[in-house]
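# Overview (structure and organization)
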Amino acid sequence: RTGRRRLRFGLASTLVVSQVALSMVLLTGAGLFARSLMKLQEEQVGFNRDNVLLVGINTRLARYKPTELSTLYSRLLDRLEALPHVQSATIATYSPMSGIGRSSSVTVRGYTPSPGEDMEVADMLLGPAYCETLGVPLLLGREIGPRDTPAAQKITVINQAFARRFFTGQNPIGKRFHIGDDDDPERSEDLEIVGVIGDVKYESVREDPSPTFYRPIL
């Protein structure tokens, strides 16, 4: 009987030790996860995350035609800005930290790319008051505004990463670059830079901001 009792105690002790060890592993993992989460929340993402409401819309599902979008977006912004307690509102093709985006090939005047250099950069459409709404700093020039309509001059705003890559040591305001393919005029544009804004992270907190240019969504 004594031998059996010792055997039982030995198995019980082994189980207790295993449970304690497993608990320690789980607690350590939870602590590391919490620390990583806190570090991610402290990361600089380039915009103010406080008191921002994000709403998604799909104009294709609503069967809006491309020619109707400018009027639709203007009406949406007017109605949103008229709501109580709304300080500012804007619209964009995708939001920061969404993990999605699109790119376009650029030809920058005065910049000679290296052999094999990838000239694809992030391309985004913005509405007025983007910097004001998200707290993105306006560094040079102006941001996209309500006057930037289809009838206006073709302009663009770039981020710091774009300016550093293509205009090192230069003031990019007034400079021009070309997007798209000359063989396809509908997908090709010549743009004048009117502003530089701070870098915003769209893909990942841990990744450096990509060179990005912004065009008027209106």
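Across its full length, the protein carries four helices and seven strands. Along the chain direction, N to C, the helices and strands of the protein fall in the order α-α-β-β-α-β-β-α-β-β-β. Within the protein, the fraction of its 218 residues that count as buried is 33%.

Pairing between side chains becomes possible if they bear opposite charge and their charged atoms approach one another. The final tally for this structure, using the stated rule, is nine salt bridges. When the shortest N-O distance is used, the salt bridge between Asp190 and Arg109 registers 3.1 Å. You can see Asp190 sitting in strand E6 (residues 189-197) and its partner Arg109 sitting in the loop between strand E1 (103-108) and strand E2 (120-126), a full 81 residues away along the chain. The exposed category is assigned to Arg109, whose relative accessible area is 54%. Here Arg165 makes a salt bridge to Glu117, at a shortest N to O gap of 2.9 Å. You can see Arg165 sitting in helix H4 (residues 160-166) and its partner Glu117 sitting in the loop between E1 and E2, a full 48 residues away along the chain. Using a relative accessible area of 22% as the deciding quantity, one classes Glu117 as partly exposed.

Tracing the sequence through the fold places Pro211 in the loop between E6 and strand E7 (212-216). As for Pro211 and Arg164, which are separated by 47 residues in sequence, their C-alpha atoms are 8.5 Å apart. Residues in contact with Pro211, not counting those within four places in the same chain, are Val121, Ala122, Asn159, Ala161, Phe162 and Arg165.

Attention now moves to the pairing of strand E4 (residues 155-159). Within a regular strand, side chains alternate between the sheet's two faces. Extensive coverage of E4 is indicated by the burial of five of its five residues. Both faces of E4 are covered, namely the face carrying Ile155, Val157 and Asn159 and the face carrying Thr156 and Ile158. Looking at chain direction, E4 and E7 are connected through two bridges and run antiparallel. Of the residues in E7, the one forming a bridge with Val157 is Tyr214.

The subject of this paragraph is a nonpolar patch on the surface. The grouping of Leu53, Val55, Ile57, Leu76, Leu80, Leu83 and Val86 at the surface amounts to a nonpolar patch, some 640 Å² of accessible area in total. Structurally, Leu83 is set in the loop between helix H2 (69-81) and E1.

Along the polypeptide, Thr156 turns up in strand E4. The class of Thr156 is buried, set by a relative accessible area of 0%. Within the structure, the side chain of Thr156 is placed 2.8 Å from the backbone oxygen of Tyr214, a separation counted as a polar contact. Other than its neighbours up to four places away in sequence, Thr156 contacts Phe177, Leu191, Glu192, Ile193, Val194, Gly195, Phe213, Tyr214 and Arg215.

What follows covers unusual backbone geometry. The phi dihedral of His85 falls on the positive side, at around 70 degrees, and the residue is not glycine. Assignment of secondary structure puts His85 in the loop between H2 and E1. Positive phi outside glycine occurs at Ala129, with the angle close to 65 degrees. Mapped onto the elements of the fold, Ala129 is located in the loop between E2 and helix H3 (130-134).

Moving on to the nonpolar core. Membership of the largest hydrophobic core comes to 17 residues, with the highest contact counts inside it found for Met124, Tyr130, Val136, Tyr202 and Tyr214. Put simply, the parts of the chain that give this core at least two residues each are E2, H3, E4 and E6. Judged by nonpolar contacts, the second largest core, of 15 residues, contains Val106, Val121, Ile158 and Phe162.

Next up on the list: the packing of aromatic side chains. Scanning the entire structure with this criterion turns up seven aromatic pairs. Residues Tyr130 and Tyr214 carry aromatic rings whose centres are separated by 6.3 Å and whose planes lie at 40 degrees to one another, so their mutual orientation is tilted. With Tyr130 in helix H3 and Tyr214 in strand E7, the pair connects residues that are 84 residues apart, well separated along the chain. Just as Tyr130 is buried, Tyr214 falls in that class too. Among the aromatic residues, those joined into a ring-pair cluster are Tyr111, Phe162, Phe166, Phe167, Phe177 and Phe213.

Conventions used here
Residues numbered from 1 in each chain as written. Predicted model: local features only at pLDDT ≥ 70, side-chain atom pairs only at ≥ 80, totals over all residues. Heavy atoms only, no water. Helix = DSSP H or I, 4+ residues; strand = E, 2+ residues; numbered from the N terminus. Buried < 20%, exposed > 50% of the residue type's maximum accessible area, 1.4 Å probe, protein only. Salt bridge = Lys/Arg side-chain N within 4 Å of Asp/Glu carboxyl O. Contact = heavy atoms within 4.5 Å. Pairing = 2+ DSSP bridges. Patch = residues over 30% accessible without salt bridge, like charges linked within 9 Å, V, L, I, M, F, W, Y side chains within 5 Å. Areas by Shrake-Rupley, 256 points an atom, 1.4 Å probe, with all protein chains shown as cover. Polar contact = N/O pair within 3.5 Å; in protein donor to acceptor, adjacent residues only side chain to side chain. Core = buried A, V, L, I, M, F, W, Y, C linked by side-chain atoms within 4.5 Å. Phe/Tyr/Trp six-rings, centres within 6.5 Å; stacked < 30°, edge-to-face > 60°.

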